[in-house]
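# Commentary on secondary and tertiary structure
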Amino acid sequence: KALIEKIKAADNDVLSKYEKQQKINNVYNSYLNLMPQAEQDELYDNVEELFEAKMKELEYLEYTVINRISVSNGEIEVQGNGKVPGHIISQFSMDENADTFRIATTLSQRWSSFGKLQTESTNNVYALNKNMEITGRLEGLAEGEQIYSTRFIGDRLYMVTFRQVDPFFVIDLSNPSSIKELGKLKIPGYSDYLHPYDYFNSSSKI
């Protein structure tokens with residue numbers, strides 16, 4: 001403990017935050033390796049119990065924070081902020097339609113240091129009002145996969161997730177308080193970009 005405290009107290013110009021963490025990990029692992037196996041097993045069990053208790057206390061470990069900002073006549077004002085579980089992949093993961101903000105996120109896989117506790121990644125879609133309050137949600141899509149591409153078009157969200165096969169989802173956003181999965185299709189490979197294509201536009205001749 002004394003050695004770890006010395007490492008933490010070192011000037012950041014001497015040791016960066018990353019270097020400190022690496023050195024602390026080395027000290028910790030060296031200490032573990034000197035312990036009898038029975039004591040190591042007991043320590044691992046205690047850590048797992050603490051981790052499980054923390055997971056029950058914290059519903060999510062990652063959030064995307066959203067700020068609604070007004071820019072008018074050179075004045076910038078924050079008009080609302082909120083958050084949703086998970087992370088986004090790009091600007092195409094977000095969309096505004098009328099007074100509703102829509103966003104698609106991936107909640108990363110979680111596991112403990114010793115691998116006894118583990119949860120799979122999931123994908124979610126949220127609708128928020130002007131105050132950045134969640135008004136609708138669709139959660140738990142494509143467990144074990146992550147979002148690779150999304151495209152909002154009107155009242156629809158087209159979304160691709162990937163792990164080994166490439167599921168393509170169509171999601172109904174016409175009622176922000178009741179988001180629904182309309183269908184999905186599994187195809188080989190993956191897509192990291194979706195582009196809208198209007199075949200039946202006004203100038204088309206069939």
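Structural notes, computed from the coordinates. (Residues numbered from 1 in each chain as written. Predicted model: local features only at pLDDT ≥ 70, side-chain atom pairs only at ≥ 80, totals over all residues. Heavy atoms only, no water.)

As a rule of thumb, soluble globular proteins bury nonpolar side chains together. Val125, Leu141, Leu157, Met159, Ile171, Leu173 and Ile179 are the most contacted members of the largest nonpolar core, which has 14 residues in total. Contributing elements (two or more residues each) for this core: strand E7 (122-128), strand E8 (134-141), strand E9 (146-153), strand E10 (156-162) and strand E11 (166-172). Apart from residues lying up to four places away in sequence, Leu157 is in contact with Ala104, Val125, Thr150, Arg151, Phe152, Phe169, Val170, Ile171 and Leu173. Membership of the second largest hydrophobic core comes to seven residues, among which are Ile66, Val84, Phe101 and Met132. (Core = buried A, V, L, I, M, F, W, Y, C linked by side-chain atoms within 4.5 Å. Buried < 20%, exposed > 50% of the residue type's maximum accessible area, 1.4 Å probe, protein only. Helix = DSSP H or I, 4+ residues; strand = E, 2+ residues; numbered from the N terminus. Contact = heavy atoms within 4.5 Å.)

Turning to helix H2 (residues 17-34), a few remarks are in order. Look at H2: 26 Å from first C-alpha to last across 18 residues, which is about the 26 Å you get at 1.5 Å a residue. Inspection of H2 places Lys20, Ile24 and Leu32 among the buried residues, and these make up the whole buried set. An end-on view of H2 places all buried positions within 105° of arc, on one side of the element. With respect to the buried face of H2, the exposed residues turned more than 90 degrees away are Tyr18, Asn33 and Leu34. Structurally, H2 contributes buried residues whose contacts are with helix H1 (2-9) and helix H3 (37-57). (Expected span 1.5 Å × (residues − 1). Arc of directions from axis to C-beta.)

Our focus in this paragraph is the pattern of salt bridges. All chains considered together, the criterion is met by three salt bridges. Linking Glu139 and Arg137 is a salt bridge whose minimum nitrogen-to-oxygen distance equals 3.4 Å. Linking Asp172 and Arg156 is a salt bridge whose minimum nitrogen-to-oxygen distance equals 3.2 Å. Taken together, the residues span a long stretch of sequence, with Asp172 in strand E11 and Arg156 in strand E10 at a distance of 16 residues. Among the residues examined, Asp172 registers a relative accessible area of 14% and is labelled buried. (Salt bridge = Lys/Arg side-chain N within 4 Å of Asp/Glu carboxyl O.)

So, on to the packing of H1 against H2. Between H1 and H2, whose axes approach to 9 Å, the crossing angle comes to 175°. Put simply, H1 runs roughly antiparallel to H2. Contacts between H1 and H2 pair Leu3, Ile4, Ile7 and Lys8 from the former with Lys20, Lys23, Ile24 and Val27 from the latter. Of the residues that constitute the contact of H1 with H2, the class distribution is five nonpolar, no polar and three charged. (Axes fitted to C-alpha atoms, helices over the stretch in contact; angles between N-to-C directions. Parallel < 35°, antiparallel > 145°, perpendicular 65-115°, else oblique. Nonpolar A, V, L, I, M, F, W, Y, C, P; charged D, E, K, R; others polar.)

All right, on to a nonpolar patch on the surface then. A contiguous nonpolar surface patch, about 420 Å² in accessible area, is contributed by Ile69, Val71, Ile76 and Val78. Put simply, the parts of the chain that give the nonpolar patch at least two residues each are strand E1 (63-72) and strand E2 (75-85). Residue position: Ile69 is located in strand E1. (Patch = residues over 30% accessible without salt bridge, like charges linked within 9 Å, V, L, I, M, F, W, Y side chains within 5 Å. Areas by Shrake-Rupley, 256 points an atom, 1.4 Å probe, with all protein chains shown as cover.)

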